[in-house]
Amino acid sequence: MAYLELAKLRKSWGAHVAVEGFDLSVEEGEFVSFLGGSGCGKTTTLRMVAGFESPDSGSIVLGGEDITRKSPNRRNIGMVFQNYALFPNLTVAQNVAFGLRVRRVPRAEVARRVDELLGLVHLADFGGRYPHNLSGGQQQRVALARALAPRPRVLLLDEPLSALDARIRQHLRTEIRALQTALGITTIYVTHDQEEALSLSDRIVVMDKGRIEQVGTPAQVYHEPASAHVAGFVGHLGVLEGIGTADGRFSVADQTVTPPRPLAPGAVTRWSLRPERLVLDPSDPALERLVGQVQSVAFLGSVVRTQVVIGDQVLPVDAFVDPKTPQPRVGASVVVGWNRHSGWVN
Amino acid sequence: MAMKKAKIRLDALLFYILGALYFLVPLLATFLFSLRGKKDEIGFQAYLNVFADPNFLKSFTFSLEMAVLTVVLGLGLLVPTVLWVHLRAPKWKVALDLFSLLPFVVPPVILAFGYIKLYGPAPFAWSSSPLLLAAGYVVLCFPFVYRSLDGGLKAIDLKRLWEAGASLGAGPVRTLFTIVLPNLRSALLSAVFLTFATVLGELTLAVLLAWPAFGPYMALVGRDLAYEPAALAVLSFGLTWAFLGLIHLFSRGDHGVSRTR
C-alpha cells in the first residue's frame with residue numbers, strides 16, 4: 001500500500017459535482033502536482049486531504065491509517081495557502097513556532113527548530129518582524145517554514161506562488177523543490193501553471209471537470225498526453241483541422257500530408273502538433289510539409305515563435321534563436337515540416 | 001491646478017469651521033453655563049454639587065455595572081454567532097444584518113413594555129432582575145456590537161486563518177483565543193466602548209423597568225436643578241470622548257491585519 005491512498009473520492013455541492021472517482025496513490029517523499037484549470041476540482045481534492053472538506057464518499061488513508069473523517073487539527077498535515085494566511089498578530093518567529101507550541105514542544109526545542117526553519121528559508125534575521133513588514137515572497141517563505149516546523153506527514157501547497165510576480169515565483173519554485181528534496185517530505189502541490197507543475201513534480205495529476213485525465217511523470221504528460229485536453233493544457237499546441245482523402249491522407253487548404261494512420265475518406269480530423277516539433281523550410285525530405293505564409297514573428301528570448309497561416313488556419317512554429325540565421329519575414333511564403341509521427345490525430 | 005487645489009482646501013477648511021462651530025458652540029455654551037453654579041462667580045460649584053450627591057455615584061456605579069454585564073452578555077452572545085455565520089453559514093449574514101437594524105426600528109419604549117408584559121407575570125417573573133435590564137441593553141447595543149465585529153471580521157481572512165490554525169494542530173478554542181480574538185482587538189474594543197457609551201446614557205429602559213441608572217439620574221437632575229444638568233452633560237460628553245480616546249489608544253497597537261493580505 002502506498003503512503004497516501006486516495007480512493008474513489010467524491011465531493012459535490014448540491015447538483016454540482018466538484019470531484020468524482022478520484023483514485024491516487026502517492027509514495028512517501030514523492031512530489032505530486034494537481035494540474036488543471038479553474039473549477040477542475042484540484043483545490044477541493046487538496047482540501048479533502050487537509051480535512052477542510054468532507055468527501056461524500058471514498059477514503060483517504062495516510063500511512064495505513066484511515067483519516068477520511070479525522071478533524072484537520074489531528075491529521076498532522078501541513079498546508080501552505082495561496083494568500084499566506086500568516087497570523088498578523090504574531091511575529092515571524094511566533095508564526096513558525098505556533099504549531100510546535102500547540103504540540104507542547106519544550107521551549108528550547110521550539111527556539112532551535114524556529115531558527116533552523118528560518119535559516120532554511122533564508123529569513124534568519126526576520127524572526128522579530130511582523131508579517132506586514134515582509135514582502136509577498138518573504139511572507140510565503142514564512143508560511144512554508146511554519147507549515148514545515150511541526151514535521152507534518154504530508155505538505156500541501158495550494159497555488160502558493162500565484163500571488164507573486166514572475167521573477168520571485170521562479171526563484172521560490174526552485175527553493176520549494178530544494179527544500180522538499182532535502183527534507184524528503186511527501187508533497188502535494190496544486191497549480192494551474194503547467195510550467196510550475198512540469199518543473200517541480202515527480203508526477204503530475206492532470207484534472208478536468210472533477211476527474212483525473214492523466215497521471216504521469218512530467219515527460220509522460222508532455223510527450224504522451226492521454227487526451228487532446230491534456231495535450232492542450234500541458235505545453236503549447238497548434239491544431240490543424242483537415243479532411244481524410246480517398247487514399248487515407250490528411251487534406252488541408254488544398255494540400256495533403258500523410259498522417260500516422262490512414263484516415264477514413266471525408267472524415268473531419270484534427271492534427272495537434274507541438275510548436276517545437278515543427279521546422280520552417282526543412283531540408284529533410286522525409287518530413288511531411290505544408291506551404292503557408294508568415295503571419296507574425298515573436299521573439300521570446302531563447303525561442304522565436306512564428307505564426308504560419310495555412311489556408312485559414314494558423315500554426316505556431318518554435319525555433320531556438322540563432323543570431324546567425326535571419327528571422328522569417330512577415331508575409332513571406334514558408335514550408336512547415338514535421339515528422340508524421342509527431343502530434344495527435346483525432 | 002494649484003489654484004484649484006487651494007480652492008478645494010479653502011472649501012474643506014470652511015466646512016471644518018462650520019462643523020466645529022455647530023458642535024462646539026453649544027458645548028462651550030453648556031460648559032460656560034455649568035460654571036455659573038454660584039451666583040456672580042465663575043467656578044466648578046455645579047460639578048462639586050454633582051459629586052457631592054450620593055445618588056450620582058450610586059447611579060453611575062449601577063450603570064457601570066450594567067455596562068460590564070451588557071458587554072459580557074453581548075460579546076458572549078454575538079462573538080460566537082458572528083464567527084459562526086462568517087465561517088459556516090454565510091447565507092445567514094443577510095438575516096443577521098437585518099436583525100441588527102431592528103433596535104433602530106423598534107423603539108426602546110416598545111421593548112420595555114414588551115419585557116414588562118412577558119416577564120412581569122409568572123412563570124417568567126424576571127422583571128425585578130437587573131439581568132432583564134442588561135438583556136434589554138444587549139438588544140439596544142446589538143447594532144453597534146454586530147457592526148464592529150462584522151467590520152473586524154471582514155478585515156481579516158477569517159476562514160484561512162482558522163484553517164491555518166487547524167492545519168498546525170490547533171483546536172477551535174485555541175485558534176479562537178490565540179489567533180482570531182487578538183486580530184479582532186480594535187473591533188472588540190469598539191464594541192465594548194460603544195456599549196459603555198450607550199448604557200451610561202440610556203434612559204427609557206431604565207425608567208420603565210424602574211432601575212436607578214445614570215440616565216434617569218441625569219433626567220431627574222435636569223428637571224429639578226439648573227446648573228448641575230449642564231455639568232452632568234459636560235461630564236457625560238467628556239466620558240464618551242474618553243472612551244473614544246481609549247479606542248484610539250488601544251487600536252494603535254494593532255498590527256495592521258488588513259494590510260497583511
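For the structure, check the block above.
Each value, and the rule that gives it
Numbering of residues starts from 1 in every chain and runs along the sequence as written. Each chain is given a letter, starting from A, and each ligand a number, starting from 1, according to the order in which they appear as written. Local features in this predicted model are restricted to residues of pLDDT 70 or higher, and side-chain atom pairs are both shown and tallied only at a pLDDT of 80 or more, whereas totals for entire chains, interfaces and linings draw on every residue. As a convention, hydrogens and water are excluded, and side-chain values are obtained from all of the structure's heavy atoms. Each helix corresponds to a stretch of at least 4 residues labelled H or I by DSSP, and each strand to a stretch of at least 2 residues labelled E; elements are numbered beginning at the N terminus. Areas reported here follow the Shrake-Rupley algorithm with a probe of radius 1.4 Å; residue values treat only the protein chains shown as occluding. We score Asp and Glu as negative and Lys and Arg as positive, and we do not count His or the chain ends. By convention, the point assigned to a charge is CZ for Arg, NZ for Lys, CD for Glu and CG for Asp. The contact criterion used is simple: two residues touch if any of their non-hydrogen atoms lie within 4.5 Å. Take a side-chain nitrogen of Lys or Arg and a carboxyl oxygen of Asp or Glu: if they are within 4 Å of each other, that pair is a salt bridge. Nitrogen and oxygen atoms within 3.5 Å of one another constitute a polar contact, given that in protein one can donate a hydrogen and the other can accept it, and given that sequence-neighbouring residues count only through two side-chain atoms. DSSP-based pairing: two strands are paired if at least 2 bridges between them are found. Every angle, taken between N-to-C directions, lies between 0 and 180 degrees, and every axis is a line fitted to C-alpha atoms, over only the stretch in contact when it is a helix. Between buried and exposed lies partly exposed: a residue is buried under 20% and exposed over 50% of the maximum accessible area for its type, with that area taken using a 1.4 Å probe on protein chains only. A helix's residues, less one, multiplied by 1.5 Å, set its expected span. By definition, the arc is the one covered by directions from the helix axis to the C-beta atoms.

Draft legend 1. Structural detail: the overall build of chain B. Helix and strand counts for chain B stand at 13 helices and zero strands. Along the chain direction, N to C, the helices and strands of chain B fall in the order α-α-α-α-α-α-α-α-α-α-α-α-α. With the C-alpha coordinates of chain B rotated into their principal frame, the extents come out at 75 × 70 × 30 Å. For chain B, the accessible area works out to roughly 14900 Å², and carbon and sulfur atoms hold 73% of it. Averaging the positions of the 22 positive and the 13 negative side-chain charges in chain B gives two centres separated by 11 Å.

Draft legend 2. Expanded view of the interface of chain A and chain B. Between chain A and chain B, the contact holds 26 residues from the first and 22 residues from the second. At the junction of chain A with chain B, the criterion picks out one salt bridge. Between A:R47 and B:E163 there is a salt bridge, and its shortest N-O distance comes to 2.5 Å. Here chain A is connected to chain B by four residue pairs in polar contact (both at pLDDT 80 or more). Only β6 (77-80), α2 (92-102) and α4 (136-148) of chain A provide two or more residues apiece to the side of chain A that touches chain B.

Draft legend 3. Highlighting the sheet that holds strand β5 (residues 65-66) of chain A. All names here are of chain A. The sheet built from four strands is open, its strands ordered β2-β1-β4-β5 with antiparallel pairing. Each edge of the open sheet is held by one strand with a lone partner, namely β2 (16-26) and β5. Across five bridges, strand β1 (residues 4-13) lies against strand β4 (residues 57-62) in antiparallel orientation. Bridge pairing links A7 to S59 in β4.

Draft legend 4. Structural view of the environment of B:V180. All names here are of chain B. Residue position: V180 is located in helix α9 (residues 172-183). Put simply, V180 and D157 are 23 residues apart on the chain and 9.9 Å apart in space, counted from C-alpha to C-alpha. Those residues within four positions of V180 in sequence are excluded, and the remaining contacts are L83, L158, W162 and T175.

Draft legend 5. Structural view of the sheet that holds strand β9 (residues 203-208) of chain A. Residue and element names in this part refer to chain A. The mixed open sheet is built from six strands, whose spatial order is β6-β7-β8-β3-β9-β10. Every interior strand has two partners, whereas the edge strands, β6 and β10 (211-216), have only one. Going across the sheet, the axis of each strand differs from the next one's by a mean of 20°, ignoring polarity. Relative to strand β7 (residues 154-158), β6 runs parallel, the two sharing four bridges. Residue pairing across strands places V80 opposite L157, the latter belonging to β7. Contacts from helix α1 (residues 42-50) reach β3 (31-35), β6, β7, β8 (186-191) and β9, with the element oriented near 150° to β7.

Draft legend 6. The arrangement of unusual backbone geometry in detail. All names here are of chain A. In this model, E159 sits at a positive phi of 40°, which is unusual for a non-glycine residue. Structurally, E159 can be placed in the loop between β7 and α5 (166-183). Judged by its relative accessible area of 12%, E159 is buried. One non-glycine residue, D254, lies in the positive phi region at around 65°. Within the fold, D254 resides in the loop between β12 (250-252) and β13 (255-257). For D254, a relative accessible area of 83% corresponds to the exposed category.

Draft legend 7. Geometry of helix α6 (residues 108-119) of chain B. All names here are of chain B. With twelve residues, α6 extends 16 Å between its outermost C-alpha atoms, agreeing within 8% with the 16 Å of an ideal straight helix rising 1.5 Å per residue. Within the span of α6, buried status applies to L111, A112, Y115 and Y119. In an axial view of α6, the angular spread of the buried residues amounts to 100°, which keeps them on one side of the axis. Opposite the buried face of α6, by more than 90 degrees, sit the exposed residues I110 and K117.

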